[in-house]
Amino acid sequence: MRLKVCGITQEEQMTQLASVGSTFGGFIFYPKSPRYVLRTMTTSLIKKEKNINKVGVFVNATVDEVLQMVDECRLHMVQLHGDETPKYCEKIADYISVVKAFRISETDNISWRIQEYMSVCDMFMFDTEGAGYGGTGKKFNWDMLNGVEVGKPYFLSGGVEPTDAEKLKLFAEKPEAKALFAVDINSKFEVATGIKNMELIKKFAQEIK
């Protein structure tokens, strides 16, 4: 099971990600986020990092803004966390791998939500619906995926915490986890906003593998 640590804001922590067992580092390019990466790091700093797969997280940005950051930071993947349309996703996907994030409420039909994005995105992410954009830190109800044929690799997100390793391993044995690509962690592994607890991440990475 692969791991993505999202909301990286510190150069030192970015360079440690691979050694603590994370395959992906998530960098938030949404100025309203408390973990907006360009507040603390430059694009050239991010560009230099070569040991992890860099995922740029965007919310309703223009196509040009996204592609500029892809080039300036040498991103490997783009995660779209806003109200991006399938047509918009397709434009970005012509250039780089696209992960479309869905903020899921208890009444949502996941199969219906993902349907029109199937042919234009490379992967999906499932997170909990909240008031604003981006992660809420609230637990995503994994049972919502019961019986869903996702049909694309997906990231499992939404309030994943250090004590969830065993539950994740059980979930991974279910038929709907066939396409589970990686687990996305963020706020529950922090000592302060944007500052990760690297020891906790390392322990969790070992436990889920």
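Every value quoted in this text rests on a predicted model; they were computed, and no experiment measured them. (Residues numbered from 1 in each chain as written. Predicted model: local features only at pLDDT ≥ 70, side-chain atom pairs only at ≥ 80, totals over all residues. Heavy atoms only, no water.)

Engineer: Talk me through the pairing of strand β1 (residues 2-6); I want residue IDs and the actual numbers.
Structural biologist: Burial within β1 is extensive, with four of its five residues counted as buried. Where β1 and strand β8 (residues 180-185) come together, four bridges link them in parallel fashion. Across the sheet, residue valine 5 finds its bridge partner in β8, namely isoleucine 185. Where β1 lies against strand β2 (residues 24-28), three bridges are found, and the strand directions are parallel. Directly across from valine 5, in β2, lies its bridge partner glycine 25. Where the polypeptide runs from β1 across helix α1 (residues 11-16) and back to β2, its parallel neighbour, the crossover connection is right-handed. (Buried < 20%, exposed > 50% of the residue type's maximum accessible area, 1.4 Å probe, protein only. Helix = DSSP H or I, 4+ residues; strand = E, 2+ residues; numbered from the N terminus. Pairing = 2+ DSSP bridges. Right-handed = clockwise from strand over helix to strand, strands pointing away.)

Engineer: Explain the pairing of β8 to me, using residue names and the numbers behind them.
Structural biologist: In terms of burial, β8 is a largely internal element, six of the six residues being buried. By the bridge criterion, three bridges tie strand β7 (residues 154-156) to β8 in an arrangement that is parallel. Within the sheet, the bridge partner assigned to phenylalanine 155 lies in β8 and is alanine 182. In this fold, the crossover linking β7 to β8 by way of helix α6 (residues 165-171) has right-handed handedness.

Engineer: How would you summarise the side chain of aspartate 184 if you had to cite specific residues and measurements?
Structural biologist: Its place among the elements puts aspartate 184 in strand β8. When its relative accessible area of 7% is taken as the criterion, aspartate 184 is described as buried. There is a polar contact of 3.1 Å between the side chain of aspartate 184 and the side chain of serine 157. Not counting residues up to four positions away in its chain, the partners in contact with aspartate 184 are Lys4, Cys6, Met125, Leu156, Ser157 and Val160. (Polar contact = N/O pair within 3.5 Å; in protein donor to acceptor, adjacent residues only side chain to side chain. Contact = heavy atoms within 4.5 Å.)

Engineer: Break down the packing of aromatic side chains for me, citing the residues and quoting the values.
Structural biologist: Tallied over the entire structure, the rule returns 10 aromatic pairs. Pairing tryptophan 142 with phenylalanine 171 gives two aromatic rings, centres 5.7 Å apart and planes at 55 degrees, and the pair type is tilted. Linking tryptophan 142 in the loop between β6 (123-128) and β7 with phenylalanine 171 in helix α6, this pair joins segments that are 29 residues apart in sequence. Judged on exposure class, the residue tryptophan 142 and its partner phenylalanine 171 are both buried. Taken together, the ring pairs connect Phe102, Tyr117, Phe124, Phe126 and Tyr154 into an aromatic cluster. Lying across the ring of phenylalanine 102, lysine 100 places its NZ or CZ 5.5 Å from the centre. (Phe/Tyr/Trp six-rings, centres within 6.5 Å; stacked < 30°, edge-to-face > 60°. Lys NZ or Arg CZ within 6 Å of the ring centre and 35° of its normal.)

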